[in-house]
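Each chain, letter by letter, is given below.
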Amino acid sequence: MEQSRANPVCAQEALDLLNCVADPSFDQDKCLRLLHSLRECVLNKKVKKFSIADQEPGEVKPSDKKA
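Colleague: Now, about the state of the cysteines: what can you tell me, with residues and values included?
Modeller: All chains considered together, the criterion is met by two disulfides. With a sulfur-sulfur separation of 2.0 Å, Cys10 is cross-linked through a disulfide to Cys41. Across the S-S bond of Cys10 and Cys41 the torsion is about -95°, and the bridge reads as left-handed. In this pair, Cys10 sits in the loop between helix H1 (2-6) and helix H2 (11-22) while Cys41 sits in helix H3 (residues 28-45), placing the two residues 31 residues apart along the sequence. Across this residue pair, the class does not change: Cys10 and Cys41 are buried. Take the cysteines of the protein chain that form disulfides and number them in order along the sequence; they join up as 1-4, 2-3.

What counts, and at which threshold
- Residues numbered from 1 in each chain as written.
- Predicted model: local features only at pLDDT ≥ 70, side-chain atom pairs only at ≥ 80, totals over all residues.
- Heavy atoms only, no water.
- Disulfide = S-S within 2.5 Å.
- Helix = DSSP H or I, 4+ residues; strand = E, 2+ residues; numbered from the N terminus.
- Buried < 20%, exposed > 50% of the residue type's maximum accessible area, 1.4 Å probe, protein only.

Printed below as a string of structure tokens:
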């Protein structure tokens, strides 16, 4: 189980997609390709749920986004 924490399943694909949508020069086509890549990984690895490493299961943290 410790190995899965060290290298989470589909972590790179998820990180790439998040960075793509956060990029000021947003490229929708690139992000769509990354979304499909993440979806393929999720299906291949049979991922059911993602979680944030320092977040307890079921815990919801407020967004830092200003209104």
